[in-house]
Amino acid sequence: MTDFPAATQRARVRVPLRFDDGYGVDAELVTFHGLTDGQEHVAVVLGEPAPGALPLVRLHSECLTGDVFGSARCDCGPQLREAVERIAERGGVLLYLRQEGRGIGLYNKLDAYALQDQGLDTYEANAALGLPEDGRDYTAAAQMLAALGITELDLLSNNPDKAEQLRGLGVTVRDRVPTGVFSTAHNVRYLRAKVLHTQHTLPLAELTELNAG
């Protein structure tokens, strides 16, 4: 287990969430003091787990292009929408982490997009810019969970690294629950790269077929 300083809850506020497809749910947004990276991460508390049940938790890295503008070059927006509903139904928390572009920032992410237009995949583009394939660190996420009193959870994610990092930080991840597959003609190469480079749990054969088509 890795030691890290404790964070504390700063404020809680009720916010009604409404999506373009008509889905809506009331959430409680929680802010924090003492996060190690100094970023303004937010916990979105949704629903209430049944007695004795573990909360469903998603670590969602901020994606301005996908979450806000609906970019079809990634699957972030649909994953966020799906996660809110699934967590609300079961009870749990979505941690919205300010880690744009797998930790490289918005401008660098857009530079990487330009390299992808020249034929590189998302990870190769990061490397060509002298940046890590995935620079995310989930210490702040572990701090947030501890501040919320969550020590054991089921993780809504296709990314094994998220579960491994949380376990290394002392969080008990019982199960890793896969998200849906949100493939488009614009993001299929991106999704295939996630399978090949970082072993995301996505159907590679299906994505290869889509890419060939």
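Cut-off values and rules
- Residues numbered from 1 in each chain as written.
- Predicted model: local features only at pLDDT ≥ 70, side-chain atom pairs only at ≥ 80, totals over all residues.
- Heavy atoms only, no water.
- Salt bridge = Lys/Arg side-chain N within 4 Å of Asp/Glu carboxyl O.
- Buried < 20%, exposed > 50% of the residue type's maximum accessible area, 1.4 Å probe, protein only.
- Helix = DSSP H or I, 4+ residues; strand = E, 2+ residues; numbered from the N terminus.
- Core = buried A, V, L, I, M, F, W, Y, C linked by side-chain atoms within 4.5 Å.
- Contact = heavy atoms within 4.5 Å.
- Pairing = 2+ DSSP bridges.
- Polar contact = N/O pair within 3.5 Å; in protein donor to acceptor, adjacent residues only side chain to side chain.

Participant: Which residues make up the pattern of salt bridges, and what values do they have?
Facilitator: Once their charged atoms are close, side chains differing in charge can pair, the charge on each being opposite to the other. For the structure shown, the criterion picks out 12 salt bridges. A salt bridge links Asp26 to Arg18; the shortest N-O distance between them is 3.7 Å. Looking at Asp26, the relative accessible area reads 44%, which means it is partly exposed. Here the salt bridges do not stand alone but share partners, grouping Arg90, Asp154, Arg174 and Asp175 into one network.

Participant: Please give an account of unusual backbone geometry that cites residues and values.
Facilitator: Despite not being glycine, Arg102 shows a phi value in the positive range, around 55°. Relative to the helices and strands, Arg102 resides in helix H3 (residues 100–103). Taking relative accessible area as the criterion, Arg102 reaches 11% and is therefore assigned buried.

Participant: Outline the nonpolar core, listing residues and values.
Facilitator: If you look at the biggest cluster of nonpolar residues, it comprises 27 residues, and the most contacted ones within it are Phe32, Ala43, Leu59, Leu95, Leu145 and Leu153. Put simply, the parts of the chain that give this core at least two residues each are strand E2 (24–33), strand E3 (42–46), strand E4 (56–61), strand E5 (92–97), helix H6 (139–147), strand E6 (152–156) and helix H7 (160–168). Looking at this core element by element, the count peaks at 6 residues for H6. Leaving out residues up to four positions away in the same chain, Leu153 has contacts with Leu54, Pro55, Val57, Leu145, Val171, Thr172, Val173, Arg174 and Asp175. Grouped together as the second largest cluster of nonpolar side chains are 15 residues, Leu17, Leu80, Ala83 and Tyr96 included.

Participant: Hey, could you go over the pairing of E5 for me, with residue numbers and the actual values?
Facilitator: Of all 6 residues that make up E5, 6 are buried, and the element is covered over most of its length. Side chains of E5 alternate between two faces, with Gly92, Leu94 and Tyr96 and Val93, Leu95 and Leu97 buried alike. Pairing of E3 with E5 involves 5 bridges; the strand directions are antiparallel. Along E5, the bridge assignment pairs Val45 with Val93. In terms of strand pairing, E4 meets E5 through 6 bridges, oriented parallel. Within E5, the position partnered with Ser61 by the bridge is Leu97.

Participant: Lay out the environment of Thr122 in plain terms, naming residues and giving numbers.
Facilitator: With respect to the helices and strands, the residue Thr122 is situated in helix H5 (residues 122–128). Each C-alpha atom, one on Thr122 and one on Glu133, is 8.1 Å from the other, the two residues being 11 residues apart in sequence.

Participant: An account of H7 is needed here, citing residue identities and associated values.
Facilitator: Every buried residue belonging to H7 is among Pro160, Lys162, Ala163, Gln165 and Leu166, and all of these are buried. Put simply, Asn159 is the residue that caps the front of H7, since its side-chain oxygen is 3.0 Å from the backbone nitrogen of Asp161. Positive phi appears at Gly170, one or two residues downstream of H7, with a value of about 90°.

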